Structures are given as structure tokens and as C-alpha cells.
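# An overview of the molecular structure
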Amino acid sequence: MKNKTNFPSQEEETCPSRCPDNSAFKQQRLPAWKPQLDIVTVLSSFFLTGAFCLTVGVCLILSANSVREIQVDYSDKCSDCSKFRENSSNWNKECHCSVNFTLKEDILGDVFMYYGLQNFYQNHRRYMISRSDAQLLGRNVNIQRSYCAPFTTYKNGTPMAPCGAIANSMFNDTIDLFYNRNSSVIQVPLLKTGNSWWTDKNVKFRNPESYNLSSAFAGTARPPYWQKPVYLLDEGDERNTGYVNDDFIIWMRVSAFATFRNLYRRVRRIRHFADGLPAGNYTFQISYNFPVSKFKGRKHVILSTVVWSGGSNPFLGIAYVVSGTAATLAGFVITAIHLKLRKKKTYFQRQ
Amino acid sequence: MAFSVDSAWYRWQRLGAPSQAPSEPTPLLPPGRDNPKLSLNKWRVVFPGSGRQWKDWKQASTFYSGNGIQTTKYTWFTFVPQNLFEQFHRLGNLCFFFLVVLSWFPQVEIFCRGVTLLPLVVVLLPSMIKDAVEDYRKHQYDKTINSSKTRVYDKEERAYVERCWKDVRVGDFVQLQCNETIPADILLLHSSDQSGICHLETANLDGETNLKQRRVVRGLPGQNALFEPEFFQSTITCEMPNNNLNKFQGYMEQPNDERVGFNIESLLLRGCTIRNTEVAVGIVIYAGHETKAMLNNNGPRYKRSRIERRMNVDIFLCVGLLFVMCLIGAVGHGIWTGTFSEHPPYDVPDEYGNFLSPALAGFYTFLTMIILLQTLIPISLYVSIELVKLGQVFLIHNDIDLYDEAADLPIQCRALNITEDLGQIQYIFSDKTGTLTENKMVFRRCTVDGIEFSHQENAKRLETHKELDLDDEDFTKLQPLTLPPPTVGRAGGAQQSPPGALRRCQSARARVQGHARSRSLGRRDSSQSQVAFSSTIEKDVTPDSRLLRRVREAALQTESLSPFIPTRTSTAFADFFLALAICNTVLVSTATEPRQRVTIPPPIKPPGITLEKIHQIFQRLKLASLSQSFSSSQSSSELGASFGARGPEEPLPALGSGDSSDRGDSGDRHDSSDRGDSGDSGDRRDSGDSTDMGPASLEEMLQSVSSSSLPPALCYEAESPDEAALVHAAQAYSFSLVSRTPERVTVRLPQGTLLTFDILHTLGFDSVRKRMSVVVRHPLTKEIVVYTKGADSVIMDLLEDSDGESFPCVLAEKRMKRIKEKTQKHLDLYARDGLRTLCIAKKVLNEDDFQKWANFRREAEAAIENREELLMETAQHLETKLTLLGATGIEDRLQDGVPDTIVALREAGIQIWVLTGDKQETAVNIAYSCKLLDQRDTVFTINTENKETCESLLDLTLEEVRKSYEWDKPRRKIFGIIPTAPEAPEAPGTEFGLVIDGKTLSLIFQGGLQEKFVALARRCRSVLCCRSTPLQKGMVVRLLRGQLRAMTLAIGDGANDVSMIQAADVGIGISGQEGMQAVMASDFAITRFKHLKKLLLVHGHWCYSRLAKMVIYFFYKNVSYVNLLFWYQFFCGFSGSTMIDYWQMIFFNLFFTSVPPILFGVLDKDVSAETLLGLPELYRNGQNSEIYNLSTFIITMLDAFYQSLICFFVPYLVYKDSDIDVFSFGNPINTISLLTILLHQALEMKTWTLSQLVAMMCSLGFYLVFSLIYNAVCLLCNPPSNPYWILERQLSEPTFYLLCLLTPPAALLPRFFISALRGTFGASLILKAQQIDKLPKGQRDLEMQKLRSRKATSGASPAPNDDLDQSIGHLCVSPFLHPAAAAVSQGHTEGQGLSSSAVSPLRRGTPEEGYCFYNRWAEEESAATDSSAGPFAPSRGTAPGQGSGQVPKDRDPRSSSGSHRRSVSAVTL
């Protein structure tokens, strides 16, 4: 208090008058735009919004309807394998099954093959953080200090590469698509690279620097659930193995929901499949490795095309249509009320 | 600690000097002096730091605290920990600290540990910086204070040497010079003043600018000799340091074991300034932090505004919500985990491979969720609110409309955190004097000896003044021109002098007062004029020509030996004005050098023969008055001649001189005219009488007086403005007070003679006695005269029944009676005109009586116990059997714009109460004149001293009021289609006013009648509490606050309003005439009452609506954002995952969405200032908390839930079953919700200034830029989560844009729809006002008029929160509900019977007249009982007698006038 009291006297010495400035800011007279909701702006905003949303919505629905998609659930069809996998002692034994399906019409354009998982909570908090981005960048880091625990090292101290629960639980089914054309079986050519984000493949994931991959990963071990070490993920392609393996990268991009799909392969548009997948009978040859029964999950294979507005999900269009309708309706309601009240003249109205 | 040190020292000292038996009982000694154990803790012993006891001193002074002060809270090292510690006292901060700690446990950790610290840091850091800066400033200030210089006696050098303040020690001798600031609490031992007086200005302590007197310790030997610290050997024992500024006790033990007591009268307090005293020497008693000033230094008080209280409730609601959400998460997670028979691969075990049990997992989830959803509690809200309030205070402070040019003072906002309370006021409690009125007392009328002098010209002058007030810039130019002819007489004197001088002086003073808080370290400009209570209006008194003639005639008649009655009159006149001049505590200083007070009595008493002559005249006068005999003598004729001589020379001589004496520079002229006069009379005397000293000597004397010690124009400094007004009035009639010391007072008589009275005693004013007296010895007659001045009610009772014991003349007795009656009539008249009345009386004592009384008095003064009562008793003993001289009417003019302001505030739905210590009549009249009461109002007056009566009166009145409400109700139902507004419309014209006095109030408080009183009072348009004590004022405010939970504002200007100002939610001080105490206690300080209008209606409304909207927006913002995370929990097994990167989340609240609402909180204007002032009705919006209350909070919460649902589920459904990853999913959600939140803000914003637009754009831009950079750069910034390249990628997808286009409008659709409907359908007044705002100016006024008139016809009422019917239902169970029931009550108690009988006249009266006026005149009772008597006791006996005579008798003279419709039916009981 004592201090405060001193200020005025100091001020007094410097400025004789304490009259406040008569400036627009200090007197709160800044020029301002005062939006007012009058009937014209309100109605025009409602109707314009409504019209716009309805138009966009219809377009979106139409475009979403043009998406062709087929989804095959193979968790039941491969029940044998599923049971086989429940016994964890069979972890390194192979189990194959095939699933047939029929395309009633052609799927034209780029066809994407996804695997879908149901009830797999990749977004579980402790699961989500169980990774080491530094390790995936190819840096030599002490993963003990990362969030990978308990999937960091084996008991003997060998570090896992890659570490963490996400990597450990990587989806490892292999799915091949065969086209049964006139009793001959043609394997559909599938692209396994170029499915992940460019930035992921080229920036976010790097293999450790070394003259060859196996030496780069020397001194590390595969995660416990894996059947082969990380540098053998794609034995055929140097640029698609190790951490930069597309399947691995895609798996490491943790999906948002428990039911999700990840891009697995793209149909290579050559020969019979230059326009997409022709109608007919197809078979998925699946090497069943990924157990889902213990969390009551399901697995799918999805073949789908995409359009500019995304996938087959028509919701965005529906949402637009609904919003547009709501806005239009609101506009009508307000018009009605306005017309009714204008007769009464009981409210103040701008002339 | 100081206690123990002191007591230890005392013990030590006693051991050292065991022979310390009290040699003489001093009254000031404590009773427990013989018992050392008792007194040990009470006393501090100070040894002088010189001479013999130097050793003692040296040891002692190390124990007492030094004079260096340190007001800083922190040191360099303790700053961080201590500041943190203090900040964690805030619940919010502590809570967040807890969260930070929580997040360090790996089980519940969500984010990188450091990240959680950020919000806390952002909140703590600004406060920390603020504290540091403040503390540093304090440190700098301390340094300057500590190193300022003072002169301390040095033992070695045997002289006073300059030393820093901080080096002053207890026991040091300090020499102070004029205008020096006192460095410590010092016991005054010597003053250069002959009478041992030292003048003190305490403005730094309490803001009072009038000087206080301190005197050297009485009974100190060698007073007049030069003070030699060397020989001062006494030991001083005094109180322990305490903060009581008005109490100090102790004694001084001299080497010869003699004890001398002293009290506060001798203590110079640190921080005060020495004035008018050349040199003062004292010994330091308390130093540094132990000084009274420092002990009184409390920090600024912290108030919590209503919104903040509301907010805290809502924060608790949010905490509840958070708890529920976390619980849902915990339970959900537990159940979810429990459903697995086997652990799925995504259920990650802990480090050691162990899995959590569902219950434990649930518990951890609970904690995790707390961290995750912590933003639900808006921590940033505290910081934002503080920023917003700073901005608001800045804008209020800079409002040019609240700037007072005359005082050069803008509004002072002393409390920074209750700006928005200004917009919610429901009750205003106002002081009357100085708040509604100017507190510039103007002498208006007087009655002397039963003859009334109306002072018409004075009234005219005041009118002129008012006009001049309007444009005082041109005052100097206009004044000579605009003065109407009646005041032409002054022109001669006034024109020569620059009339602006005084105005300048006044404004300079006001400025100084505004600065009074400033501590001037002796550098205050001594030339600054600081004249308390003298404004131009007060000083100019145009004498009534009739009275002037009377005075002259009186003198002539004395001369012409006329019969005794006129002679007596003449004495009465002279005495009257003498009393006006003497009977006060006014101090005199001069205008040219105001601080040089005239304390030196005129160097020579009127010398020689001249004196003799005057003596004779007075003796004769006295003889004439006492014995009605007269003697003719030459000298008396000469006196008359001197009176007469003045007459012919000037038509209105006194008028001229009275004026000129006030005009600073014209003083010379005045003096010369005086000299002329006195010279004149001197000549005459010379011619008539043989003289030892000729006229020359007299002239010489006067000349010397005028040239040296008696400066030309006198300034009076009074403790109350009434006194100043009276002194000025006396001066106008040439009885001017020339100087005053505690012992003597000098008055210049019309003849120019100086008369010096010895003051034998001054009995100061107190509120119980309501009067003050001076006992003087007349210098000529040597009589002892008591002049008493006081409230009429008191003085009238103390008057002597018969005139003079020596002359029991029937005629005289009759005459006295007549005078008394006449005066009473005049007094009533004055009161009706709203004048403050004072009666002047005198009493002549004979020597013996006085000696007897003086002895009593001395004993009383020396008493230890019951001292106050004894003093009171002695005072009352003296003030009896007075002779009435006359009475004065002083006007306290209404301030500019008061009625207008009151009307506007009332229209705004604010109930205004006036709490005043003033007389009922005066208060009522002021209330009418400031439109607080309307002529058509029904006014209930409750004055009683009996509890039962009071209770039944309250019941009765309540019933009456209730009835009128009942009448209104059906009307409302028939005509009103829907009772839209919450306020109950009252029929216009049936509004009620309540007048209640202090006694009744205390009855109400003691008798537990508060509820009834409140129930009644809240229905009254206005309530006047008269004769209320400061304490009662505070109690009333507290009562209303407590019972109605209403927002109260108290406004006042004086020390008596402090308790009220402190009790109210908002205290407003008026920096006016009565010092700074009110201002010091207040939250806002304004200079005029009219500023209240803009302060409340405009700033209050703005601040409220801004802050309320901002707070509610913050809640909305946080809830809608945090809910996004919560919804996600349903899709991630309640595991506590987030889909938004934490940095983006934190930045969202801290940066992306924080600036627009803050700017909104500072700048938004929902309605323009002009419209707000034009439509005070708009204020109700804040009063009823329409913007921020539980329902709006809930609605907003629901809206937030809805919006978050839209913002979450639209993207969810869009991305469902796709290959979207977590952060890619979170990114559009984050963007959408940012857009929604900003758009929401845009919808709320009513005024778009450039800054707001820019802020809005910047927020969005910053978000995009930050996110883009962050997403592009950060590969490993925030390890587990990695939003690399997400925004970039999404910006290339049409879905993202489509989402951003759709979702925000969809989320805001309902809100927009509702607000559109509100604008079209049931448009609120605010909306109408906004529409009006858009109109061009002329049309706007027209529309406002229309709206207002409609309001008026529909019947606006000031019942802000109306649950009337309910409360009235249980309150009115009195037997007076129905006339029939009332008739039954016969065997009731007196009180009830009394009231029931009062019902019947009322019943008759009301339908016919529609107005009634209950008046319980308690005078009969009060006459019988003393004021000290209990409230219950007296009326027991009297009531039956009164009850039997229940005649409705019109006691109020107003009703008979019939000119207005204020009809009254009073019930006399």
C-alpha cells in the first residue's frame, strides 16, 4: 500500500494533468462493425447453407455409391487355422486356408486390397505408446529408455528390433488373390510397395546404416511373436525390408478404431486386370498366422476402389444432406414466425 | 518476539534500578503497575540515547527494531520457493500441481512428463513475474525511504547530524524542521512553538488535510529553554507497538523519580509531516516496522466478485463432471478389460510382464483420465480473467466522462477484481452528506433572537454560483460580467483581484487531496495551498441587509440609551456572531502562505486606553443584558459613532469587506479599509478620551499585524464544513476569527478591534451529545462564558427556563419563551427546506461554579476507569441552563446531476437507500429534492422506542404494502398475456417509501425483527435511515446482503461511511471534502455522485456482460474440447488414449483460442454507451444475472456437449471402417473444433473492431502455421505420439475440407437458430437496444423514448428478484391481516393493541387518499428518557396514556400547505 501510494506523486511530476486521453481506444469508441441478425441475413444464411449442403450431399452420396467394395470375412472360414493358432505352441507352424468368393460385376479402376481387423484395439493407450520412433529411424538408441517395455529386450539382454508391443503384434497373414478364370487359376498381380505414405517410407522409417541389412540388425533379435527377423520381412526387395517394409510401416501407423482396415496390396493393372478386377470367381489364399480368437476378433479381406471423396462410406454425403435439410427447415420455420409476427407488429423492426 | 524482548528489557532494567517505587500516582499509570508480572508484557522501555544512560540505550537499542524498513516480501534467494508456495495457495494451482505430480507415475502417464508442466508454468509464470516486478519496485522504494535524511543528535559531536532514516534507532533524539517528514514514531519533547505545540499533517496516514496539533509532553521541565538532549535523563515507559493510531500511553521517569504521563497528544507518527513549526525535537519510541504507520499498513484487500463466486460453484460442477467422466472411464475400462478371457496382444503387460487386474486397471484409468480431461477445469480461466479485469480497469480508469476536471482526478479503481460487480448492483446505500450533497456548507439563513433573516441575496448568489459552476473554465472571464445587480456591491473589491485565484486554489487543493496517499518525503511543495473546507461558495456570504442593519441599529441603540429590550437584542446579536466565530475548532491560516498558520496571537492586546474603552463598552453591554440598566458614557457613544461612521461611508460596508476579505489578493484593500475604520475610531477616541497611547500606536499595531504576522486574507481549516461555513458567515458580518491557539482565540470585531479570549476549555463535538462548547473568559468583562453550538433537538432541551437567576422577571421569561417558540418555528422551516440547523446558545458562569466544574473536569480527565463516561458527564453538567442566542440554517447543496442519476439508477432497478446521520426532516427533504421520494409515494415513517410497537408497526405496514401488491396481481393476469418479465409490475403511484430512524433500527437489530424489516424494506421504493450511527450503516448493509443475498453498493465520502463501504460488495468512496478515509476503504473512488450513473449503467453493464460471456465461453470452450477426448474413450476401450497430439492440445487452450475471448472480454460492447444511458432498464440484465447463471451455464454445457458430439461423431462416422490412423483422425477433429469454437465466439461477439478481427484471424492462422510446422518438423519431438506430416497429407484430401465445411455450421446450427429466433420472436430489451443502436441518431432517440414510455405504462417496478408472494405468505401471519381480525384483538399487549387501533384510521384513510403516513412520534417518550436509556424500558409507562388518545392528528405541517399531493395521515400514539 505504501508503495502504491507513491506512484501518483511521481506521475504528478511528469504529467500535470491526469485527464485521460480522449482517444478512440481509451474511450471505447473504436470503429466497429456490429453484426445484427436481421431477417434478411438470417434467412439468406439458412437457405444458402441449406442449398449448399444439399447439393454437396447429393454429389457425395452419388460418388460414394460409385465405389465398388467387397468384404470377405475369413475368420470363420478358416476356423481350423483359427483353432490351430489358439495353441501357442504352434506359433512357427504354417497354416493355410483358402476362401472363395464371386464378383458379380467388374470392379473398375484402381482396386485396393485391405485386411480388416475387428475388435483389435490398436488405439489402446498402453499399446499405442509401446514403440520407439527413434529406433525405427535407424538410430542406435537405448530402447530401454523408450516406452517399448516389456517388449524391449529378451532376458539375455538382446534387444528386440523393432521393439514394442505394436511391432510385436504385427499382422502377419499373407493373402494372395487368385482369379479362377475358366478353371484356370490366375494369380492376381498385387503391388506390395507404394502403399504407405511417402513420408513414412522415406523419412520416418529408416533402416540402420550398414553395408547390408543383416549386419545392420546384428545383435538384435526379432520380436517374440514374429516368425522371422525384421530384415527378412521382404526377402525379395532390399528396399522393402527391415523397418522400411510397407506392411510394417502401415501396421505401425496405429489405427484410430478397434475395427479398422489397413491397405495390404494394390491390384497391379496389367493384362486381365488392366481395367480392374473383372467379374468372376476368385480365391484368397491365406497363410493364417495372426490369431484373433483370443480377443474375439475377426479378420476380413476387402477389395475396394476409391473415389475423390474417399471410400465407400456414404456418411459424409448423408451428413451434408441432413444438415442441409435442417438448415432449410429452420429457414422455413423462421420465415413462418416472421410472417406471423409481422402482422402483429409487436416487435421492433428495422424499416 | 518484540514482546519478549521488551519484557526482558523491562526486567533487566528493573533489576538494574530496583528502587523504582512510584513516587506519585499518575493517572496514566496502569493499575497493575505494582504487579510487575502483569505489566511486563505491556510495556516498552526506552532509554535516551544520550547522556548518562547511554550504555543502557546501546544495549536496548539493539533489541528494538531499527528504523530501516523492508516491505518486500521476498529476497533474491527466497523468491522462487516462497512465491511458488504462495501461488499454490490457490486451489486451482494446487490442483494442477497435483496433476503434474500424478503424471510422473508411469502407470498413468499419458504424455511426455515435461509437457504436463506447461500449463502450470504458463499460469504461474505471469504471476511470478508480476510479483517480482512489484517486489522490486517496493525494494527500490524502501531504498529511497531508508536513505532519506533526518537530523539525529550525536553524542560525540554534541550536535544534530544528518543521518539516514534507516540508521535512526529507538532512543535517538531527532530534530525535525518544518515540512519535514517524520522518520519514526517520536515522542515530542520540544517544540519551537512557545506553547509547546507542534502541527502535524496526517494526510499520508489518513488523508486528512487539516492540521493536527501535538504538544510537548506536559510537565516536562525547562520547556521554554533550549532543549538539550544531553541533559535529558528520563526513562520512557510506554505501550508495546500496536496499530492503534489514536491511542498511545506511557510515562516518563525523570531522574528524580518523578513520573510524567503522556498520550497520543505527544506522539509524532511516522509518515506525517511537520507543519508550521520551525523546529521540533523528540525521542524515537518506535522505529521501522514497529511504527504505528507501518503496523497499519495492510495490503490491499481481496474481494471476490459475484461472478467469481458463481464461477467457483461451476468449477466445482466441472470437477463433479470430471469425476463422473473419469468414473465412467474407470468402470468402462475395468469391464472392458474383464471381458477378455485371455490377454489380447494390444493389452500390454507392464515391464515385468505382469498384467493388471481389471480393478487396478480401472483405478489407473481413473487417474489417467483425470490427467487427460484436466482441461475440463479451466485453469487458463483464472489468468484470463485477471487479464480481462486489468483491461477493464484500464478502460474504466481512462473514461473521460468519469474524470473530474476541477479536481483533476479520474476515477480510481482500487480493487482490481470486482469490476463486473458494478453491473449487478441491486441495492445502493448512499450517504447523504457529501455524497448526494456537495458537503460544501453554505450559510443560508439564520434566526437571532427570534427574528428570522432570510438572506435573500445570499440565495441569489448561490444561484449565480450554480450557473458559474457549469462552465468554470470561463469563470475568470465571466465572473464580473455575469454577476447580477444585487451583488454589485462586491464589484469594487472583486474586480481588481483576479477572481480565478480562489478557484485555482480550490482545484489545487483537490489535487493534493487526490494525492494525499502519496508519501511526500519532505518534498511537498510548501506553497501548495491546502485549505480544508473552504470553497468559494462557503466563503462568500452575502450578508442579509436587514440583519446588517440590525447589527448597526443595535449598536446605535446601545448608544442612544434606548429601552432594555433592544439593548438586549443587540447583545444577542453580538454574542451570536461571537459564538459563531469562537465556538468551533477552526484553525486559521493565510491564503498566501496557507501552511503558515496564524497561531501567534496578535502581538499586543488592544493596548491602553482603547482596550479600556472597549472593556467598558462590553461591561455596559453586559450590564444592559443582565440588569437591563444602562449607563451612558462617552465611550459608548463613541462606539456607536464608530458603528455609525461606517454606515454613511459605504452603503453596505460589511458586504464589501466580507467579500473582499475572501478574495485572496484584495486582502490588502480589506485591511486598509479596516485600518481606515480603526483609525477613524481611534481618532474619535483620541478626541474624546485621554490616552496613553495615541491612535498612531493602534494604527501602528495594526499595520505591523497586517504586514508581518497577520497576513491579509485568512483561510479557515475546519474539521467539519459546517464550522467553516459558520466562521465565514461570522466573518461576513465582520466578526472574523483571526487566530486560534489552544489557549487563546482572537476575533476581530466590526470596529476592527481585536479581542482575545482565553479559552478555558473546549468540549469537543461528539455524536452522543451532539453539541460542542467552548468555555472562554471574556477579555473585557472577565466573565466566564460558555458558548454552545449543537443540534436543535438537544439545545432546545437544555435551555434555561427563566432568563437569569438575578432577574426573575416575568416579562423576560415570557420573552424567552416567545423567542424559543419562534426559533423553533424557524428551525422547522429550515429543516423543511433541507437546511442543516444548528442552535447557538450561551451561558455565563460565575467564577466559583467554573472552578468547581473545572476541578471535576480535571478529575475526570485524570480518571483511569470510566474516563469517557466521566468526561461526558462533566460536559453534560456544564451544558445546561443555556440562553438561546439563535439558530443557523446551513445549506448543503445537492451535487450536480444527483436527481437525474437517482432516477436513472432507479429505472435500472436499483433500490437506493440513504443512510445518514442527519436529522429526519432534513433527510426526507433531501430525499424529495433528489427524487429519491416522489410526491405521490406513500411514505411510512417508523420511529419508535418500543419493541412491540415496532414489530406491530412493521406488520401493519407490511400488510398495507402487501395489499397494494394484491391489487396489482389480478390486473396483471388480465391484461398481461404472458408474465414474461420476472419483475412484478406495480401500479404506478402506489410506491412506498420508508423512513426509519436510528433508534428504531437498533430496536430492529436487537429485537430480531430483521426479517420483517427486510421484507418491508425490499418492497419500498426507497428507504431512508436517519440518525444512524456508522455502525448501523454497516449493519444495515450486512443485513441486506445476508438476508436477500443481494448485491450491494455503498457510497460515501466520510469516515462514518467506512464501515458501510467495507460491508458492501462494492464500496465506492467519494474523494470529497472529508478526508480520504472513505476512499482508502473503497474499491472505487469517484469524485461526484453523478459519475455513478455511467460507472454502473455503462461500465458496470459492459464489464458484467463481457466477463460473464467470457467466463461462460471459457467453460463452453473447455467442455466442448475435452469432451472430444472423452467420446474417443468409448472407442479405445476407455484406456485413456488421445487422438490429438498433446502439444497441439495444450496449444489449443493456451494460444489458439485464448486471445479472442480475452479481447472479447475487454472490448466487446453489446450496446453502445449512449443507449445504455438512455435506457437504464438495460441494467437489469446484469442485475438478474441473466447472462451467467445456473441455467445459462447448463444450457451452455448442453450446447458444448452437443457441439462436441457433432465435432466428434461426424468425423468418426466419416472415417469409420477406414484405414485412418489415430492422429490423422484427431487432426480434423482438432481443426473442426477450433473452427467451431472460434465461430461460436464470432456469433457471441457483438462488436467487431479491427483488433478482434485480427485476433480471430491470427488464432486460426497461428493454428495452421504451428500445426504445419510442427507436423513437418517433428519426428521425435514428443516420442510416443508422432503426428508427422499428418496435416500436410490431410490438406491434400478433399474429405478434410468437406468435413471442415460441414461440421462447424452443423455444430452451431442450433445456437444460431435460437439466437435468430430470439431476434425475431421474444426480443429481449438488449436486442432491441442493439437494433436501436444501428439507427441514425435522431431516430435512435425517438425509439428510446418510445421504449421508455412503453415501459412506463406497462409499469416498471424496482423489485429485482421477486419471490414476493412466497415470502410474504409466511411473513404476514399477523392478526392484522383482516380488519375483522384486527378488531378482535382487545386483550392484547399494549403494542399490539396500539397497532390494531391504528388500523382503523388507516383503513379509512387509504381508499380515499391513497396515501398514508404512519408517524409514530416518539418525542414524548424521548423527552422523558435519556438517550442512553434502553430501548425497551421507557414506553411501558407512557404507552397506555398515549394509546387512549388515539386521535389522528396531523402533525406534519407539510400537509397543511396543500400545494402538493403529499398528503399525510399521521397517527399519533
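Fair warning: this is a prediction, and the values are worked out from it, not measured in the lab.

Calculation criteria
- Residues numbered from 1 in each chain as written.
- Chains lettered and ligands numbered in written order.
- Predicted model: local features only at pLDDT ≥ 70, side-chain atom pairs only at ≥ 80, totals over all residues.
- Heavy atoms only, no water.
- Helix = DSSP H or I, 4+ residues; strand = E, 2+ residues; numbered from the N terminus.
- Buried < 20%, exposed > 50% of the residue type's maximum accessible area, 1.4 Å probe, protein only.
- Contact = heavy atoms within 4.5 Å.
- Areas by Shrake-Rupley, 256 points an atom, 1.4 Å probe, with all protein chains shown as cover.
- Rg over C-alpha atoms; globule rule 2.2 N^0.38 Å.
- Lys, Arg positive; Asp, Glu negative; His and termini not counted.
- Charge placed at Lys NZ, Arg CZ, Asp CG, Glu CD.
- Buried area = accessible area lost by both parts, 1.4 Å probe.
- Salt bridge = Lys/Arg side-chain N within 4 Å of Asp/Glu carboxyl O.
- Polar contact = N/O pair within 3.5 Å; in protein donor to acceptor, adjacent residues only side chain to side chain.
- Pairing = 2+ DSSP bridges.
- UniProt positions renumbered as here; feature names shortened; annotations may be inferred.
- pLDDT = per-residue confidence, 0-100.
- Patch = residues over 30% accessible without salt bridge, like charges linked within 9 Å, V, L, I, M, F, W, Y side chains within 5 Å.
- Expected span 1.5 Å × (residues − 1).
- Disulfide = S-S within 2.5 Å.

### Quick word on the overall build of chain B
For chain B, the count of helices and strands is 54 helices and 34 strands. Residues counted as buried form 62% of the 1469 residues belonging to chain B. Contacts spanning at least 24 positions in sequence make up 77% of the contacts within chain B whose residues lie at least 6 apart. For chain B, the exposed surface amounts to about 55,400 Å²; the carbon and sulfur share of it is 58%.

### Concerning the overall build of chain A
Looking only at helices and strands, chain A has ten helices and twelve strands in total. Rg of the C-alpha trace for chain A: 31 Å, well past the compact-globule value of 20 Å for 351 residues, more than 25% over. Within chain A, the fraction of its 351 residues that count as buried is 49%. Here the contacts in chain A between residues at least 6 apart in sequence split such that 78% fall between residues at least 24 apart. Here chain A displays about 16,700 Å² of accessible surface, and carbon together with sulfur accounts for 54% of that area. Here chain A carries 43 positive and 26 negative side-chain charges, and the mean point of each set is 8 Å from the other.

### Some thoughts on the interface of chain B and chain A
With 118 residues of chain B at the interface, the matching set in chain A holds 98 residues. When chain B packs against chain A, the two sides together hide about 9,700 Å² of surface, and 63% of this comes from carbon and sulfur. Between the two partners, chain B and chain A, sit three salt bridges. With a shortest N-O distance of 3.0 Å, Arg253 of chain A and Asp1221 of chain B are connected by a salt bridge. Where chain B packs against chain A, one counts 24 residue pairs in polar contact (both at pLDDT 80 or more).

### Points about the sheet that holds strand β5 (residues 112-118) of chain A
Residue and element names in this part refer to chain A. Spatial ordering of the open sheet is given by β2-β12-β5-β9-β8, a layout of five strands whose pairing is antiparallel. Because the sheet does not close on itself, it has two edges, and the strands there are β2 (69-73) and β8 (190-191). When β5 meets strand β9 (residues 260-267), the two strands line up antiparallel, connected through six bridges. Each residue of the ladder has a partner; that of Tyr115, found in β9, is Asn262.

### Things to note about the UniProt feature "transmembrane region" (unreviewed entry) in chain A
All names here are of chain A. With numbering aligned to this structure, UniProt lists the feature "transmembrane region" (unreviewed entry) at residues 39-64 and 318-341. In residues 39-64, the share of helix is 100% and the share of strand is 0%. The end C-alpha atoms are 37 Å apart. Taken end to end, residues 318-341 comprises 100% helix and 0% strand; its first and last C-alpha atoms sit 34 Å apart.

### Regarding the confidence of the model for chain B
All names here are of chain B. Averaged over all residues, the pLDDT of chain B is 71; the fraction at 70 or higher stands at 68%. Confidence drops under a pLDDT of 50 for residues 558-567, and excluding neighbours within four residues, the segment shows 17 contacts in the predicted structure. Every residue in residues 623-711 scores below 50 in pLDDT, and together they form 153 contacts with partners more than four places removed in sequence or on other chains. Under the prediction, the complex receives an ipTM of 0.93, its pTM being 0.73.

### Concerning a nonpolar patch on the surface
Taken together, the side chains of Phe323, Val324, Leu327, Ile328, Val331, Ile335 and Phe1130 of chain B present a nonpolar region at the surface, about 620 Å² in accessible area. Note that Val331 of chain B resides in helix α9 (residues 306-338).

### Here's the deal with helix α42 (residues 1190-1215) of chain B
Taking 1.5 Å per residue, 26 residues should reach 38 Å; α42 of chain B reaches 37 Å between its end C-alpha atoms and fits that length. Of the residues flanking the end of α42 of chain B, it is Asp1217 of chain B, one or two places downstream, whose phi is positive at about 60 degrees.

### Quick notes on unusual backbone geometry
Backbone geometry follows two general trends: most residues other than glycine have a negative phi, and most peptide bonds adopt the trans configuration. All names here are of chain A. In the segment running from Ala161 into Pro162, the intervening peptide bond is cis, with an omega of -5 degrees. With respect to the helices and strands, Pro162 occurs in the loop between α5 (133-136) and α6 (165-168). The phi torsion at Arg271 lies on the positive side, around 50 degrees, for a residue other than glycine. Along the chain, Arg271 turns up in the loop between β9 and β10 (276-277). We classify Arg271 as exposed; its relative accessible area is 65%.

### Some points on the state of the cysteines
Scanning the model with the defined rule gives three disulfides over all chains in all. Disulfide partner of Cys81 of chain A: Cys95 of chain A, at an S-S distance of 1.7 Å. The S-S bond linking Cys81 of chain A to Cys95 of chain A shows a torsion near -90 degrees; that makes this disulfide left-handed. Here Cys81 of chain A, found in helix α3 (residues 79-86), pairs with Cys95 of chain A, found in the loop between α3 and β3 (96-103); they are 14 residues apart in sequence, far enough to count as distant. This pair shows no difference in class: Cys81 of chain A is buried, exactly as Cys95 of chain A is. Bridging Cys148 of chain A to Cys163 of chain A, the disulfide has an S-S length of 1.8 Å. Placement of Cys148 of chain A in the loop between α5 and α6 and of Cys163 of chain A in the loop between α5 and α6 is noted, with a sequence separation of 15 residues between them. Accessibility assignment for this pair places Cys148 of chain A and Cys163 of chain A in one class, buried. Here the bonded cysteines of chain A are numbered in sequence order, and their pairing is 1-4, 2-3, 5-6. Residue Cys238 of chain B stays outside any disulfide, its sulfur separated by 17 Å from that of Cys272 of chain B, the closest cysteine.

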